[in-house]
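If you want the building blocks of each chain, they are given just below.
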Amino acid sequence: MAAPGPRGCSLSGLLPAQTSLEYALLDAVTQEEKDSLVYQYLQKVDGWEQDLLVPEFPEGLEWLNTEEPISVYKDLSGKVVVFDFFSYCCINCIHLLPDLHALEHTYSDKDGLLIVGVHSAKFPNEKVLDSIKSAVLRYNITHPVVNDADASLWQELEVSCWPTLVILGPRGNMLFSLIGEGHKDKLFLYTSVALKYYKDRGQIKDNKIGIKLYKDSLPPSPLLFPGKVTVDRVTNRLVIADTGHHRILVVWKNGQIQYSIGGPNPGRKDGTFSESTFNSPQGVAIMNNIIYVADTENHLIRKIDLEAEMVSTVAGIGIQGTDKEGGAEGEQQPISSPWDVVFGTSGSEVQQDDILWIAMAGTHQIWALLLDSGRLPKKNELKKGTCLRFAGSGNEENRNNAYPHKAGFAQPSGLSVASEDPWSCLFVADSESSTVRTVSLKDGAVKHLVGGERDPMNLFAFGDVDGVGINAKLQHPLGVTWDKKRNLVYVADSYNHKIKVVDPKTKTCTTLAGTGDLPLFTSENTVVDGPFPEEKQKTLPRLPKSAPAVKLSPVAASPGQTLQFKLRLDLPSGAKLTEGAPSCWFLTAEGNEWLLQGQIPSGEIESISNQPTISLQIPGDCVSLEAVISVSVFLYYCSADSSACMMKGILFSQPLQITATQQGCIAPVELKYVF
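In this convention, every chain numbers its residues from 1, walking through the sequence in written order. Only residues with pLDDT of 70 or above have their local features reported here, since the model is predicted, and side-chain atom pairs are shown and tallied only from 80 upward, although totals for entire chains, interfaces and linings are computed over all residues. As a rule here, side-chain values come from all non-hydrogen atoms in the structure, and water together with hydrogens is ignored.

The name an unreviewed UniProt entry gives the chain is NHL repeat-containing protein 2, with Equus asinus as the organism. UniProt positions are given in the numbering used here, feature names are shortened, and annotations may be inferred rather than shown by experiment. Entered under Subunit (unreviewed entry) in the UniProt record, the comment concerning the chain runs "Monomer." In its Subcellular location (unreviewed entry) section, the UniProt entry covering the chain states "Cytoplasm, Cytosol".

Shown next as structure tokens:
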């Protein structure tokens, strides 16, 4: 099949027909009705005079999980193809992966279906192939992945959101698009009917694609992305969450493995050690030969009995929950992405270690599981097995409050307990706010310890600074542990590649180990994991083809004067800037680069409520009396329901008329736009 000519097509061409289909599907009751509607839609789209053809992959792109680069119009001809436009740091993209795994398990390339991950980086660090390799391993991605580092296909199709799925027919013709997460039913409906439609017409080929999994090229490793570790204080055994191998290891202090439970593949099964399975376990806690496990991607709390050699489920229902209150018995209570667990003691005067505290990253809260009947602060007596929220509103915030349910966390990822006075608190590594916080065990009050800043909505106050309290800066800490003998807190300052120590009395935070640099190993036997150093010089990204261009009225200025551009951009209601993605602005002056000498040509937009003012001083020696200064703005934000990440761009063009006559004070130019 010949590749399409120079005329490109964007996803907007599908919008009218697919919108009509989705409205019709709202009224469909039976599966037969839904299948029939999609079949009729395909008859309509397939009968268009001209296909909406996807562009060919550019030459020279880097591929993973394939024997060689894939061609849309050679290798994918005769297949129904799902393009997954994703970024490995996007939580919504990660949430979508189980749906794609399920689809791959239902249909293979022999059935006529293939998934291709199109990695479209949000910022420069993500363009590095080694970073994408690490993500492919961590999330067990087994379909082909292409590193579209310059986002060429993204731009051609005018994709604007992570994740976006584009479903193609056997001619490279676009059929459907799905934006954001949470569309599993539509994904299966559209692909299954498309396979049937084109099989009925004899257009599906059963040839196999040359898959060569990247993970198969690596030597065996005893550990793969281990997430958490704890110590059995009685025997000095280590308990390791070998997250990437989906197993729990119990190891003697000499390194000898006593038990290996679960793995090597993900699953969700209770039973004996040989038959039980986990899915990316994280937090572990051990006492009296009982281990509790935060089985993160199963959304469960599991219990390992080392004496009986059995695994059981004590909380969660096995699918991601949205409940932010709780109160049901463990196995009836849905939970969401538990990340760490630690033992604690309730208000009972009899029982000790009768609570399991849970860092519930998925709902940005701290929960409790009652291991025996007991009492939480400001709560009545609770039955054994009750699982409920202790602190956190469920809003993703860096909010401290004397009332625990009004406080806000941002992906709490590490816990440690200091039960003795005067501390009597939980220490929390709150990763997305880059802080360490405390939760009182007496009344649930949430307080700041180190890191972050005072604005509860600003989750960008990260860095690598030793200091006191709010003047200290961390970056995405994932672990904490309390040293009872020295009254100190040790912090895994993960993205700074350091271990730091905090004195909770003085709030002093200092570096204990690590230089802050991530060694870049080049050995073929080494897997690099983690963020790469940022590029020294920012380069101007490409604006989307659909980005609006706003031409401003000319401004007169004289040499030496300073122009000020005030950004006044509005996002859709409820939307917020994406954590970790650098919304930014750039100044350019094509053909008049002399205007930018000595200027600050770019900057970040950290808050939509406090947007920057951009300054430009007219040089004393002007080469031309007329010029155009351009302000390019790139915004990365999440939708109100956090189901999708968006990237929008806009170009403001400001004509300048430079005159020798001294001008009066120039009013700031407001750069306004509503997305």
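After presenting the structure, the write-up continues.
### Quick look at the pairing of strand β37 (residues 584-588)
Judged by how many residues are buried, β37 sits mostly within the fold: 4 of 5 residues are covered. Sheet analysis places β37 next to strand β38 (residues 602-604), joined by 3 bridges and oriented antiparallel. Across the sheet, F586 pairs through a bridge with S602, a residue of β38. The criterion for strand pairing is that DSSP finds at least two bridges linking the strands in question. Secondary structure elements follow DSSP: runs of H or I of four or more residues count as helices, runs of E of two or more count as strands, with numbering from the N terminus. Across 5 bridges, β37 lies against strand β40 (residues 626-638) in antiparallel orientation. Bridging across to β40, T588 finds its partner in S630. The buried label applies to any residue whose accessible area, calculated with a 1.4 Å probe on protein chains only, is under 20% of its type's maximum; exposed applies above 50%, and partly exposed to all values in between.

### Some thoughts on helix α2 (residues 31-46)
Here, expected helix span is obtained from the residue count minus one, scaled by 1.5 Å. Over its 16 residues, α2 extends 22 Å from the first C-alpha to the last, a length consistent with the 22 Å expected when each residue adds 1.5 Å. For α2, the full list of buried residues reads V38, Y41, L42, V45 and D46. Along the axis of α2, the buried positions cluster into a sector of 125°, meaning they face one direction only. Seen from the open side of α2, the exposed residues pointing more than 90 degrees away from its buried face are E32 and K44. Contacts are assigned to residue pairs that have any heavy atoms within 4.5 Å of one another. In this structure, the buried side of α2 is in contact with α1 (15-27), β7 (174-179) and α6 (184-200). What the arc measures is the spread of directions leading from the helix axis to the C-beta atoms.

### Topic: the state of the cysteines
When two cysteine sulfur atoms are found within 2.5 Å, that pair is recorded as a disulfide. Tallying each qualifying case throughout the model produces 0 disulfides. Residue C425 stays outside any disulfide, its sulfur separated by 16 Å from that of C509, the closest cysteine. Assessed through its relative accessible area of 6%, C425 is described here as buried.

### Quick word on the packing of α1 against α6
Only the stretch in contact is used when a helix axis is fitted, and all axes are lines through C-alpha atoms; the angle between N-to-C directions ranges over 0 to 180 degrees. It is the contact of α1 with α6, at a shortest axis distance of 14 Å, that shows an interaxial angle of 110°. Classified by the angle between their axes, α1 and α6 sit roughly perpendicular to one another. The way α1 lies across α6 gives a crossing that is right-handed. Residues Q18, L21, E22 and L25 of α1 lie in contact with α6, whose contacting residues are K186, L189 and Y190. Throughout, the term roughly parallel applies to angles under 35 degrees, roughly antiparallel to angles over 145, roughly perpendicular to angles from 65 to 115, and oblique to all others. Working rule for handedness: look at the near helix, and if it is turned counterclockwise from the far one by less than a right angle, call the crossing left-handed; if clockwise, right-handed.

### As for the pattern of salt bridges
Where charged atoms of side chains with opposite charge meet at close range, the side chains can pair. Salt bridges are counted wherever a side-chain nitrogen of Lys or Arg sits within 4 Å of a carboxyl oxygen of Asp or Glu. As enumerated under the stated definition, the model contains 24 salt bridges in all. Residue D242 is joined to R247 by a salt bridge in which the shortest nitrogen-to-oxygen separation is 2.7 Å. Exposure class is identical for D242 and R247. Each is buried. Taken together, the shared-partner salt bridges in this structure form one network comprising D464, D493, K498 and K500.

### Points about the confidence of the model for the chain
Overall, the prediction assigns the chain a mean pLDDT of 88, with 92% of residues at 70 or greater. For the stretch residues 1-8, pLDDT sits under 50, and the model shows 11 contacts to residues farther than four places along the chain or on other chains. Per-residue confidence from the predictor is reported as pLDDT, which spans 0 to 100. pLDDT under 50 marks residues 520-537. Its contacts with residues more than four places away, or in other chains, come to 27 contacts.

### Focus on the packing of aromatic side chains
Here is the rule: rings of Phe, Tyr and Trp (six-membered ring for Trp) pair when centre to centre is within 6.5 Å. Planes less than 30 degrees apart are stacked, more than 60 are edge-to-face, and the remainder are tilted. Across all of its chains, the model carries 17 aromatic pairs by this definition. On the numbers, 6.5 Å between centres and 70° between planes, the contact of F85 with W154 is edge-to-face. On the criterion of sequence distance, the pair formed by F85 in strand β2 (residues 80-86) and W154 in helix α5 (residues 152-157) is long-range, its members being 69 residues apart. By the burial criterion, F85 is buried, and W154 matches it. Their ring planes at 85° and their centres at 5.4 Å tell us that Y259 and F273 sit as a pair that is edge-to-face. Of this pair, Y259 sits in strand β11 (residues 257-262) while F273 sits in the loop between β12 (271-272) and β13 (281-287), placing them 14 residues apart in sequence. Owing to a relative accessible area of 16%, Y259 belongs among the buried residues under this scheme. An aromatic cluster of three or more residues is present, and its members are F57, W63, F83, F85, W154, W162 and Y636. A ring is considered to have a charge above it if a Lys NZ or an Arg CZ atom is located within 6 Å of its centre and within 35 degrees of its normal. Stacked on the ring of F278, the Lys or Arg R302 has its end atom at 4.8 Å from the ring centre.

### Quick look at the UniProt feature "repeat: NHL" (unreviewed entry) in the chain
Look at the UniProt record and you will see "repeat: NHL" (unreviewed entry) annotated at residues 465-505. Between the first and last C-alpha atoms of residues 465-505 the distance is 19 Å; the span itself is 0% helix and 46% strand.

### Quick look at the nonpolar core
In this description, a nonpolar core means a group of buried Ala, Val, Leu, Ile, Met, Phe, Trp, Tyr and Cys residues linked to one another through side-chain atoms lying within 4.5 Å. One finds F57, F83 and M174 to be the most contacted residues of the largest nonpolar core, which totals 78 residues. Examining the composition of this core, we find that 8 residues originate from one element, α6, more than from any other. Filtering out sequence-adjacent residues up to four positions away, F83 remains in contact with V54, F57, V72, L76, V116, V118, L153, T164, L165, V166 and L168. Residues L569, L587, W594 and I666 belong to the second largest nonpolar core, which totals 35 residues.

### Remarks on the sheet that holds strand β26 (residues 435-440)
The 4 strands are arranged β24-β25-β26-β27 in an open sheet whose pairing can be described as antiparallel. Of all strands in the sheet, those bounded by a partner on one side alone are β24 (412-418) and β27 (446-451). Strand after strand, the sheet turns through a mean of 25° between neighbouring axes, direction not considered. Across 6 bridges, β24 lies against strand β25 (residues 425-430) in antiparallel orientation. Opposite S416, over in β25, you have F427 as the bridge partner.

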